[in-house]
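If you want the building blocks of each chain, they are given just below.
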Amino acid sequence: MMLFRRIWFKLLKIWWKITVPMRLRAIGVTLGEEITFYGMPIVSMTKGSRIIIGDRVVLCSDSRFTDLGVNHAVILRTLRSGAEILIGNDVGMSGGTICAAIRVSIGGECLIGANVTIADTDFHACAPVGRRFNSDHTCIAVAAVVIGKNVFVGTQSVLLKGITIGDNSIVGANSLVSRNIATNVIAGGNPARIIRSFLPTPLDNVQTLPLNN
Ligand SMILES: CC(C)(COP(=O)(O)OP(=O)(O)OC[C@H]1O[C@@H](n2cnc3c(N)ncnc32)[C@H](O)[C@@H]1OP(=O)(O)O)[C@@H](O)C(=O)NCCC(=O)NCCS
């Protein structure tokens, strides 16, 4: 049984390695080298937008291949002409959603935990009158999301429009990020607040310090 399972998983990986890049390139996604796909992500692009996925990125859309499991396949969507989703080299992402009306960028080596939501738009107008049917882009707030390098975003977190997360920082599980998070800190909660900071030491030997030191 174990042998059968191993062979089946190997075949699945080969299938995804062949078919997913073909499908994504066909709809206009720019792919780097040696990207690993577990399952078929859900990707849609508005004409005139870009999605760029860097080298050695791992996108997991299948719960059998990630410890926490995923609620749904990785979703990448550009919503307007000119929108960009830029995923840096060596990023790992399990399930979760990225929606860009202008730009969502993720720096190299980031870990985007299972089922994280990142969007640079409110999707709907805030003004109450006619909101339900108001699809006028100029009434819908948008602001780019910038995630630095080597950032770790905990599972189930939601990153709202306009935020920046600095290099090396961690967002705790189930956090709501509505304001910028500095470099080298751990932040968490709803809304996410800084819990403590890292010393800016080499990455292979990161130390932590209480914030008020
Ligand atoms: C953020 C995190 C890394 C902090 O871990 P830690 O340094 O061991 O933190 P501690 O458990 O010592 O907690 C320190 C403080 O932060 C708080 N805290 C920890 N995680 C938090 C979170 N996700 N949201 C809000 N507050 C959090 C604790 O309650 C504690 O507060 P207190 O000092 O007032 O008691 C960890 O809690 C976490 O969320 N890990 C994410 C795991 C994950 O999602 N992995 C993804 C797999 S796909």
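Given the structure is predicted, the values throughout are model-derived calculations rather than measurements.

The rules we used
Residues numbered from 1 in each chain as written. Predicted model: local features only at pLDDT ≥ 70, side-chain atom pairs only at ≥ 80, totals over all residues. Pairing = 2+ DSSP bridges. Helix = DSSP H or I, 4+ residues; strand = E, 2+ residues; numbered from the N terminus. Buried ≥ 20, exposed ≤ 12 C-beta atoms within 10 Å, placed from the backbone. Core = buried A, V, L, I, M, F, W, Y, C linked by C-beta atoms within 7 Å. Contact = placed C-beta atoms within 7 Å. Near = placed C-beta within 6 Å. Nonpolar A, V, L, I, M, F, W, Y, C, P; charged D, E, K, R; others polar.

(A) Just the sheet that holds strand E9 (residues 97-100), in detail. Strand order across the open sheet formed by six strands is E3-E6-E9-E12-E15-E18, with parallel pairing between neighbours. In this open sheet, the two edge strands, each paired with only one partner strand, are strand E3 (42-44) and strand E18 (176-177).

(B) Structural context of the pairing of strand E6 (residues 75-78). Covered by surrounding structure in E6 are Leu76 and Thr78 only, the residues Ile75 and Arg77 on the alternate face being uncovered. Relative to E6, E3 runs parallel, the two sharing three bridges. Across the sheet, residue Ser44 finds its bridge partner in E6, namely Arg77. Bridging between E6 and E9 involves four bridges; their strand directions are parallel. Bridging across to E9, Arg77 finds its partner in Cys99.

(C) Structural context of the nonpolar core. One finds Ala100 and Val171 to be the most contacted residues of the largest nonpolar core, which totals 52 residues. Non-local contacts of Val171, meaning those with residues more than four positions away in its chain, are made with Val153, Gly154, Ser157, Ile165, Val177, Ile181, Ala187, Gly188 and Ala192.

(D) Seen up close, the site of the ligand. Every one of the 15 residues lining the ligand counts as a neighbour, but Gly113, Gly154, Gly172, Ala173 and Gly188 are closest to it. Among the residues making up the shell around the ligand, the classes are represented as six nonpolar, nine polar and no charged.

(E) Spotlight on the sheet that holds strand E4 (residues 50-53). Strand order in the open sheet formed by six strands is E1-E4-E7-E10-E13-E16, and the pairing between neighbours is parallel. Edge positions in the sheet fall to strand E1 (30-31) and strand E16 (164-165), since each has one partner strand and no second. By the bridge criterion, three bridges tie strand E10 (residues 103-106) to strand E13 (residues 145-147) in an arrangement that is parallel. Residue pairing for E13: Ser105 is matched across the bridge by Val146.

(F) Here's a closer look at unusual backbone geometry. Note the cis peptide between Asn190 and Pro191, where omega equals -5°. Along the polypeptide, Pro191 turns up in the loop between strand E19 (185-188) and strand E20 (193-198). Even without being glycine, Asn168 reaches a positive phi, approximately 70°. As for its placement among the helices and strands, Asn168 is situated in the loop between E16 and strand E17 (170-171). Here Asn168 falls in the buried class, since 23 other C-beta atoms lie within 10 Å of it.

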